[in-house]
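Residues per chain are reported as follows:
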Amino acid sequence: MQSACGDELRNGLVLLLDRNATLPSLLSSTVSDARIAQLHTATVQGRARANQLRAPSAANGGCRCCFQGAGPAAAAMAAGPGAEEPGTEEPGTEGPGTEGSRVGGPGTEGPGRAAEAALEVSWVQGFSNKNLAFVNNQTVCYPCGNYILFLDIKTKKTRAVQCQAGQVGAFAANANSQVVAFSDRKLNPLIHIYSFPELSKLTELKGDVQLDYTLLAFSFRGPYLASYSSIPEFVLSVWNWQENILLCSESQPGLTGTSLSFNPMNWQQLCFVAESSVTIWCIERSKDEHHLTRHPVELPDRYGAVSPCEDLFFPPSRNDDPYYGPDLPVSAIAGLKGDEAETFVPRNCIRTSVHPTAHCWTATSEIYMGCKEGYVLAIDAEQYSVSVLQEKAPPEFMQKITDVVSYVRREVQKKKGGQPSDLQNRVLLAMAFCNEGLYAAGREGILIFYHIKDLQYEIKICADISQPISSLIFSPDYTSLLLVTDQGTVYSYRPAHSGEAVKLLDISSSCFLAADFLTPGNNYCVSVTISGEVQVWSLGDGTFLSKLNLGIEATSMACCPSSNSVAVGTQIGQICFLDATKAEAPRVVHRTFLSKLPVLSLHYDQSGQFLIARATEGHIFILDARPSKLFRVLGYIVLADEVLHLSVLSDLKNDLVEVMVLINVAEIQQARLEIFHLSSAIITDNDKYVNEQGIFNASDLKKKQYDLDCPLSSAVRLKDNTVYGYCTCAPFICKYHLSEESKFGYPSVFSPEEEIPSKQFGSGLLCLSPNGQWLAAAAKDGVLFIYNTSTLDILAQKHCQSYQGGGIRSMVFSLDGNFILVNGENDCALVCLKWKQTEETEVEEAALYWQSLLDILNKSTSDENSVLKSMAEWKSDPESTSKSLPVTEEDGNITNTDDTTWIGQKTQKVMREETRRFANQKEEVQMGIKKLQETIQKMMHENEQVPDIEKLEHWEFSLDLEELKKVQAEVEEDVARVRKEIEMQTLSYCYLQDLIKYDCWDAMCVKERAVKCFHIDHQVSNYPLKERSKEELETLKKVLQLKKTETADLKAQKQNLEVDSETALSEEEGEKAAEEVADDGASHCLNGSLSSQYGGDTSILYHQCDLHTREQKLNQITLLKDIIYKVKTAFNEEFDIVVQQKEQEIAQVKERNLKIQEILEQLDLPLELWEPVLTDDEMPERVLTVQDYEIKAEKYMTQEEIEQAEMLTRLEMERRLAATDDERLRALDDMMGGMLEIRREDVLKMDIPPPSFLSRSEDLWTEEEKKIFEEYEKKVKELNEEKEDYRQFLRNEWNKLETSIKETTQNFDAIVCKLSEKKLKSEMAIYQEELKIVNLIYALLLDEELDTREAGLHKFLVKKKKDKVKGARKILTAKHGVEAYTGPYRDALHEEKSLEHGFLKHFADVPHDLLEELLHLYKHRPETPRTETLLDTANPYVKGSPEDYQDALSLLMKAMDELDSPEHKPSGLDQSVWERFCLARRNKVESEELVKWKALPLADMQAFLRRRVDENDKMKSELENTFQELTWLKEEKMKLQQNVTVQFLLKQGQVELESTQIPDYSDAVLIDRSVVEELNYALAAQGEKKITAMVEFKDFSKGIIQLEWEHKKMKMQIRDLKEKARDIVTLPISKDCQLFLTVHNYESHITQHLAGMEQSLGVMDKLHKKSVKNHQKKVRELKKCIRLKEEANYELSLQLKEMLVSVSERMHIFKAADTRDISEKITRQHYQEIVKQKYLRILIREQEKQRAVLLSEAESWKPRTVHII
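Read on for a plain summary of the structure. The structure presented is a predicted model; accordingly, all values stated were derived computationally and were not measured.

### A few points about the sheet that holds strand E2 (residues 133–136)
Here's step 1: The sheet built from four strands is open, its strands ordered E2-E3-E4-E5 with antiparallel pairing. In this open sheet, the two strands that pair with only one neighbour each are E2 and strand E5 (158–162). Averaged over all pairs of adjacent strands, the angle between strand axes in this sheet comes to 30 degrees, irrespective of strand direction.
Here's step 2: Alignment of strand E4 (residues 147–152) against E5, held across five bridges, turns out to be antiparallel. Paired with Leu149 across the bridge in E5 is Ala160.

Written out as structure tokens, the structure is:
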């Protein structure tokens, strides 16, 4: 089988190379037949050598389904795609381990074959925008898919480290240690630590995390790493990554973290930020033990207010109420116990806090934090307090400048089409701290510098990049700041230079959609993202060359083999053609708008003639791929089903392109292949192959169809009709051989010849190399497999992407086969693979094929590229489009516009052509139709005139009966559909009606109804009652039986007590006493309600004072409910009697109304009678029945119902006719007028006939006639009198009947009113019983809340006891540690002291003066050694002290070397003594340093012990408080059981309350009524005595008061008389009074005086006006002077500004030149100018004062004038 396949493959390759000679458009003058034959021969020889090498392996029986004998690589393959063979690490490419070994598969020949081919990563590009960090001063790193990319910001070169387990999870980097940490995303993930620049793995950290790590953070100094895991653990862990030790961990269930960071100044503090919370974690250590302590930070609310948190489990205050019971926490009221009770917060108490977005640490261990609400917070990490920073108000001119800048920015953003940003309400998404202050940025794209002082800040705009900024990162030396945007762009900003931000990296953060190689395929490659960004990369090292944003969502992309053009398909159905001849500057040169369907994929044939575009809904478009033909659309085909995959195969010998389409058959679980051929004749003579709509003829394309038995997701085809497909239902690659016999239309289904098992999972994708010798398979697991197409051996596999990232989206081989481009689904990574190890024959074959193809395409490529370069850049406006694309309709190509698609234009063209061609026929047909219509209408009119028997039906005039039937069928379907919808809606309404009717009517044993009065607008309704369930009745029966037993037991106990106490009582007297006790108890039970008076039996109730237990209260509730039910039943019985009475009254009224109606008919009075009826409230069952008169619409009747109704009408008419045709009645009516005897009722109908001679005149009457007339008149008079008497009788009878009706109805109304009063009292009794039930339920609820609170406290107590035990163990351990460490510390301290004391002994031989100098040098120490991790001191987090003892000691010894130098030796000191002194001083310094470093851990241990002791004391106080709370609860529970709530009935007016509040009866005592009455009687008697004494006293005191009143009256009269006399004596007399008394004509005198005053007033008015005018003139002159002075002052101010500028310039010049000799003349001139300016200012002030004085004088004249007037 293998040899046969190999022969077919060789024949196919020979055929492929032979076909190259038949392409006239490409091979006209390029390749000779001899060259092609030479290529054929070389290829066949190479294949033969390959088959000879494979023959032994095939003979050994290699199996395609197992891995026996395949070597280690095959075993790794059998273990799965993730189990790869370990290899050597390759820095800069793949990282640790390489997957290069060829894994055995079908046809594996052993260990030698397994290592023949391998793949390695050439480069990786992408930007996932997850995280970015510096690893040293010039290198940043960030995760991308399965890789960590390292970017050199100077050279722009990248290196990569691969995560072997799949996608990279959490990520962190440390620039000080130059290490990178990341986690994988497999089960039980690991944290990997790598070093830079070696990119070697240092260690792996393994914890108990099951799923994933979400956050990682390095400490600024020291080997510490913090991690946080996701669900289900949510564990915060701290590691020592150098020693691979987990120091400590704590869990936070359900809390998802957003960021995590160490305090750079203190690694023992961690800031953990969640969505709406912030926690400071402190790492406490005691020697080798570490503990995490949680300190939550209370954030302000959304309004920026910080309020303290209230403890709801232990409320700080309690407000107990004697009526409502104790005040319990909300957790006890909610019924919660345990941990839920401690953390429960009611909804109304939940405070919405701010949402943190970014944070950073300061050098003072504070935290600055930004929020979504726009606030900037400052968090004190020591006190765990929060402050809201406020923006300091800028100066007025700065505010104006800021407003102008904001306005200009908004206008610019509006012009760009973006949304204007508001700088006032900015949300900070990134922060970075430095020595100068805080840098922050957000969605506005503006880098802002915050200068913070106290709790206020000032802002300064540093840079504007107009893109949302997601993170800010300082380099380790703090010389540059990176700005990372959401779009994948990275900018660099240098704070020291304060310039613009420089673009550093410009890679889209959107996911890669596809990638392809630019011709010739060994220099450049092109990729496109989903957002429509096209990037060009260098294939050698992956250098980013250029980018072009199309501004539209892309769906596919392909590169043309015959030119450097790139085609990009879009979501809206366009194909954009790009010119990539200049890789550094691609441009769009053409756009083709095919249709409104998305372009799913694009495919070029190998010759570059055709471009096949696959769209949705089965559309496949064929385009000319050459720029010289302006990418003309040749046509399209439409397939019936969905197209899953498309494969293109070029036959260069026969000048054909074979396209294979994989179709998904929706009806069955099978796949279908359709193959059609494209020849060059389609391009040259396109009109022969397509119709007017642009659709290809199926016969010209030579379509073939093949049905496959398995559903496939992808398929490729080889030359020998071999098809490989990836099965969707099982992980298999199926191999089919398509025979030529099965063509289009044959029902045969092909089965796979071979099924190759695959270790991949998910839907797969297949791709064939250009030379057809390699088959690539990929799936959702992200592993790429390379197969040999002839033997199906697995040549290599590579874990490029991951399942978490969606797997592999697309892959493509380069033309020479050396490179493979792979991009993921959602991981934003583009991976370039290259062969690391493969067979020489395969490399030679691929290179030979590539070279031959280049020779063929070389001429056409250069020509097409020249045309492509000459094309103008495409623009969106139609004018530029028409200029750049001068194509006419004669070419067969229609120029695209922005609105009309190519298919639409084709359709419009066809319609225009048909309209033009058939215009005359269309007009003739329209005229004929019009004539025919007139004829038919005439015939229908004539049909209306003929008799009915000759009329034709309306449908017989229809010319198209089939269309008529079709329309009628559609109408009937619509009617049936609407009828069904209405029926279903009606059915739903009926169901809802039945539910409501059952709940509110059928389930009621007593329906609700009312009874109304006849004459009063008043009604009374009954109590609707449901039938009590069987469970309720059984419960009631049990309670009654229990109560009966308890009553009997109580009686027996009473009898026993009475027999024991009074032995003389007889048996009868004992029974009487027991009965009295029972009666006494019954009377007590009646207290509190009136139920016994309205049908309720209260004797069965418990006494209200005896309800202590829970069971008694529950039984009492059951009995009270039974009493309520009985009260309602008793009322309903009376109500039914009243209802029956009303029905009887209505019947009597109707009878009387009949009699009255007869009377009215006899009296011939047309009056309407009052006839009462029952309303719907009184007969509610009528509402459930719909009467015919209530339906306004016409009733729909079927034909049978109509016939039945007509028959009933006919029978009724016949019955009536038969009833009227009675012979006896007819005879009686003819003979006696219808009556046998005359009745009194007929008197009014009687009439005396007048004589016949009345028609004559009286003069002509005879005597006899006159007598007859007199008798006639007498009879008429008598008859009239009789009629009047009868009418009076009828009227009296009428009055009697009406009176009786009124009396009976009024009596009934009184009965209804009494019933209403009883209803009111019954409701009162019911409410009283319900009040008892409510009180009992509240008591039960309170009891349950107390139990809940007690259980919660017990659980809290148990938990605290466990914590206390743990704390005691920690204290004990800490004490032991302190004691164990104190000994070595004391020894070191003692040794240090002994060295100091022994110094004088060792140097006793030294002279005294030198000894003192040596002693001074002995105590002298060098400056404190500092260690800096960074060269630049701009880093605010540089810490001076070293981290461990050895580093500190080495630094100290280096500093001591300077002090030990001979230059510091005292003069006259021997060198040996100096050396001995230096050695002693070094020993002393080492001892001091050892003591100091031993003191540090001892201090930590002591502080740890002290904190544990404090926690233990705090826990003790909490336990004591809990015990006190439990004691209080027990007391309250006992009070609740003893102090029951008793309900009393008090008469109205007996108790008066001044307010509506419930009085306090806490100190009340329940006593007997007789005691109170006796006391009241005694009080009344004493009160009467007191009243009598008070009356006597009142009468006596009344006389005294009267005498005092008279005496007081007389004194007041005397005082009044004296005052009048004094007034008379002192009365003053003025001149006016004298004039009034002396002048006779006083009024004329006054008139003359007024006239004189008026004259003087007029003169003064004139003078005033004249003075006002003068003053106004002066004011105008002053204003003019002031204006002139202001202008002069303004000119002087301008001169002053210029002089100040010149002075400042001269000062700068002076400082720069450092000249001190200044001319005195210039100084004197400046001084005079200054004096002059000062004088002018003084003059201005004086003039302003004068002006103010003049204005005040002018204003003062106005009130004077008014006063004079």
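Let us keep going from here.
### Let's talk about the pairing of strand E52 (residues 774–778)
Two faces make up the sheet, and in a regular strand the side chains alternate between them.
Here's step 1: Counted residue by residue, E52 has five buried out of five residues, so it is predominantly covered.
Here's step 2: Residue alternation in E52 divides its side chains into two sets, Trp774, Ala776 and Ala778 and Leu775 and Ala777, and both sets are buried.
Here's step 3: Strand direction decides the pairing type here: strand E51 (residues 765–768) and E52, joined by four bridges, are antiparallel. Bridging across to E52, Leu768 finds its partner in Leu775.
Here's step 4: Taken together, E51 and the strand that follows it, E52, pair antiparallel across an intervening segment of five residues, in which Gly772 is found at a positive phi of about 80 degrees.
Here's step 5: As paired elements, E52 and strand E53 (residues 783–788) share four bridges and run antiparallel to each other. Across the sheet, the residue bridging to Ala776 is Ile786, located in E53.
Here's step 6: Linkage of E52 to E53, two consecutive antiparallel strands, is achieved through a turn of four residues, within which Gly782 is found at a positive phi near 85 degrees.

### Quick look at the sheet that holds strand E25 (residues 456–464)
Here's step 1: One open sheet holds the eight strands; their spatial order is E18-E19-E20-E21-E25-E24-E23-E22, and the pairing between them is mixed. Both edges of this open sheet fall to strand E18 (356–361) and strand E22 (428–433), since each of them pairs with a single strand only. Taken over all neighbouring pairs, the strand axes of this sheet differ in orientation by 35 degrees on average, direction set aside.
Here's step 2: Note that strand E23 (residues 438–442) and strand E24 (residues 446–453) share three bridges and pair antiparallel. Opposite Tyr439, over in E24, you have Phe449 as the bridge partner.

### Digging into the pattern of salt bridges
Oppositely charged side chains are able to pair whenever their charged atoms sit close together.
Here's step 1: With the rule as written, the count across this model stands at 34 salt bridges.
Here's step 2: The shortest N-O distance in the salt bridge between Arg1507 and Glu284 comes to 3.1 Å. In this pair, Arg1507 sits in helix H23 (residues 1471–1538) while Glu284 sits in strand E16 (residues 278–286), placing the two residues 1223 residues apart along the sequence.
Here's step 3: On the basis of relative accessible area, Arg1507 is assigned to the partly exposed category, the value being 32%.
Here's step 4: Put simply, Arg1349 and Glu1525 hold a salt bridge, and the shortest N to O gap is 3.4 Å. Here the residue Arg1349 occupies a position in helix H19 (residues 1263–1397), and Glu1525 occupies one in helix H23, the gap between them amounting to 176 residues. Across the pair, exposure class does not vary: Arg1349 and Glu1525 are buried alike.
Here's step 5: One network of salt bridges, with partners in common, ties together Glu692, Glu913, Arg916 and Arg917.

### Here's the deal with helix H16 (residues 1110–1163)
Since the α-helix advances by 3.6 residues per turn, residues separated by three or four positions end up pointing in the same direction.
Here's step 1: Taking 1.5 Å of rise per residue, 54 residues should cover 80 Å, and H16 covers 78 Å from first to last C-alpha, within 8% of that figure.
Here's step 2: With a side-chain oxygen positioned 3.3 Å from the backbone nitrogen of Gln1112, the residue opening H16 is Thr1109.

### Describing a nonpolar patch on the surface
Here's step 1: Taken together, the side chains of Tyr991, Leu992, Leu995 and Ile996 define a hydrophobic patch exposed on the protein surface, amounting to about 410 Å² of accessible area.
Here's step 2: Its location among the elements puts Tyr991 in helix H13 (residues 961–1002).

### Quick word on the nonpolar core
Here's step 1: With 52 residues, the main nonpolar core has Leu132, Leu784, Ile786 and Leu833 as its most contacted residues.
Here's step 2: Ranked by residues supplied to this core, first place goes to strand E57 (residues 829–837) with six residues.
Here's step 3: Among all residues touching Leu132, those that are not within four sequence positions of it are Phe127, Val140, Cys141, Tyr142, Ile473, Leu482, Val484 and Val490.
Here's step 4: Core analysis: the next-biggest nonpolar cluster, separate from the first, contains 37 residues, Tyr368, Ala440, Phe449 and Ala501 among them.

### Quick look at the environment of Val484
Here's step 1: Relative to the elements of secondary structure, Val484 occurs in strand E27 (residues 481–485).
Here's step 2: When the C-alpha atoms of Val484 and Leu132 are compared, they prove to be 8.1 Å apart, with 352 residues separating the residues in sequence.

### Some words on a negative patch on the surface
Here's step 1: A surface patch of negative charge is lined by Asp960, Glu962, Glu963, Glu970, Glu972 and Glu973.
Here's step 2: Assignment of secondary structure puts Glu970 in helix H13.

### Structural notes on the packing of aromatic side chains
Here's step 1: On inspection of all chains with the given rule, the structure shows 30 aromatic pairs.
Here's step 2: Between the aromatic rings of Tyr1023 and Phe1131, the centroid separation amounts to 5.4 Å while the plane-to-plane angle is 70 degrees, which identifies the pairing as edge-to-face. Of the two residues, Tyr1023 sits in the loop between strand E60 (1019–1021) and strand E61 (1025–1026) while Phe1131 sits in helix H16, which places them 108 residues apart along the sequence.
Here's step 3: With a relative accessible area of 1%, Phe1131 lands in the buried category.

Conventions adopted
Residues numbered from 1 in each chain as written. Predicted model: local features only at pLDDT ≥ 70, side-chain atom pairs only at ≥ 80, totals over all residues. Heavy atoms only, no water. Pairing = 2+ DSSP bridges. Helix = DSSP H or I, 4+ residues; strand = E, 2+ residues; numbered from the N terminus. Axes fitted to C-alpha atoms, helices over the stretch in contact; angles between N-to-C directions. Buried < 20%, exposed > 50% of the residue type's maximum accessible area, 1.4 Å probe, protein only. Salt bridge = Lys/Arg side-chain N within 4 Å of Asp/Glu carboxyl O. Expected span 1.5 Å × (residues − 1). Polar contact = N/O pair within 3.5 Å; in protein donor to acceptor, adjacent residues only side chain to side chain. Patch = residues over 30% accessible without salt bridge, like charges linked within 9 Å, V, L, I, M, F, W, Y side chains within 5 Å. Areas by Shrake-Rupley, 256 points an atom, 1.4 Å probe, with all protein chains shown as cover. Core = buried A, V, L, I, M, F, W, Y, C linked by side-chain atoms within 4.5 Å. Contact = heavy atoms within 4.5 Å. Lys, Arg positive; Asp, Glu negative; His and termini not counted. Charge placed at Lys NZ, Arg CZ, Asp CG, Glu CD. Phe/Tyr/Trp six-rings, centres within 6.5 Å; stacked < 30°, edge-to-face > 60°.

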